[in-house]
Amino acid sequence: KRGGEALRRRVAPELVLASTLRRARETATLAFPESAVVEVPYVAERAPSDPALQLDNEPRAAADDAASWAPPDTPRNASDWAAFLRFLGDVVAPRLGLPADTPAVVGEPLGVFGGPERAVAVFGHGDFFRDACGLDFKPANNAVLKRRVVVENGVVRAEATCELF
């Protein structure tokens, strides 16, 4: 809870996204209790060697269509940075009112960008963030990483690296 309080002092996201794993949704809710947490695909932990650890990865009943944007045919434990970037362009950008052409494509790494910025918090898992950020290590469970992503004319581009936030 203290970590959530500190994070709220540093960022006020327009949207709070979490993986399909229960523990990510719970963390997101604790960090941003005033925000609706939306379940999204492609940011889950990779399947562990012990299948019992994935028991909290079962679908839950959604109260309304805003509770989950994860397509029903997407594996609940999918962990894929490129697929998540396309999802940002296809699904998230239009819901934020940003112009987007679908299907989105992943473009070259983002260089200097001087456009307007909007904050979206994503609560995922260490393996996903290690791969997405190109790290040689799995970040700690409480690590907060920052990476800019731009959706422009159906092309999604991300900064080449993440930074500790």
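One can find the structure itself at the top, above this paragraph.
One structure accompanies this document, and this report is about it. Computed from a prediction, not measured in an experiment: that's the story for all the values here.

**Some points on the sheet that holds strand β4 (residues 120-123)**
Item 1. Spatially, three strands are ordered β2-β1-β4 in an open sheet, and the strand pairing comes out parallel. Each edge of the open sheet carries a strand with a single partner, namely β2 (37-39) and β4. Across the sheet, the mean angle from the axis of one strand to that of its neighbour is 30°, orientation sign disregarded.
Item 2. Pairing analysis gives four bridges linking strand β1 (residues 15-18) to β4, with the strands arranged parallel. Of the residues in β4, the one forming a bridge with Ala-18 is Phe-123.

**Regarding the environment of Val-92**
Item 1. For Val-92, the position within the fold is in helix α3 (residues 81-95).
Item 2. Taking the relative accessible area as the measure of exposure, Val-92 reaches 3% and is therefore buried.
Item 3. For the pair Val-92 and Leu-15, spaced 77 residues apart in the sequence, the C-alpha separation amounts to 9.2 Å.
Item 4. Excluding its chain neighbours within four sequence positions, the residues that come into contact with Val-92 are Leu-15, Leu-17, Trp-69 and Phe-87.

**Focus: the state of the cysteines**
Item 1. This structure, assessed with the given rule, holds one disulfide.
Item 2. At a sulfur-sulfur separation of 2.0 Å, the disulfide partner of Cys-133 is Cys-162. Classification of the bridge connecting Cys-133 and Cys-162 rests on its S-S torsion, roughly -80°, and on that basis the disulfide is left-handed. In this pair, Cys-133 sits in helix α4 (residues 126-133) while Cys-162 sits in the loop between β7 (155-158) and β8 (163-164), placing the two residues 29 residues apart along the sequence. This pair shows no difference in class: Cys-133 is buried, exactly as Cys-162 is.

Here is what the cut-offs are and how they apply
- Sequence order as written defines the numbering, with residues in each chain counted from 1.
- For a predicted model such as this one, the threshold for reporting local features is a pLDDT of at least 70, and the threshold for listing and counting side-chain atom pairs is 80 or more; totals across whole chains, interfaces and linings nevertheless cover every residue.
- Side-chain figures throughout are based on the complete set of non-hydrogen atoms in the structure, without hydrogens or water.
- Pairing between strands is defined by DSSP: at least two bridges between the two strands are required.
- A run of DSSP states H or I qualifies as a helix once it reaches four residues; a run of E qualifies as a strand once it reaches two. Both are numbered from the N-terminal end.
- Axes, fitted as lines to C-alpha atoms, cover a helix only where it is in contact. Angles between the N-to-C directions of the axes lie from 0 to 180 degrees.
- Here's how the labels work: a residue is buried when its accessible area is under 20% of the maximum for its type, exposed when over 50%, partly exposed in between, all with a 1.4 Å probe on protein chains only.
- Between two residues, a contact is recorded if the distance between any of their heavy atoms is within 4.5 Å.
- Pairs of cysteine sulfur atoms within 2.5 Å are what we label disulfides.

The values reported here are purely geometric and, on their own, carry no functional implication.
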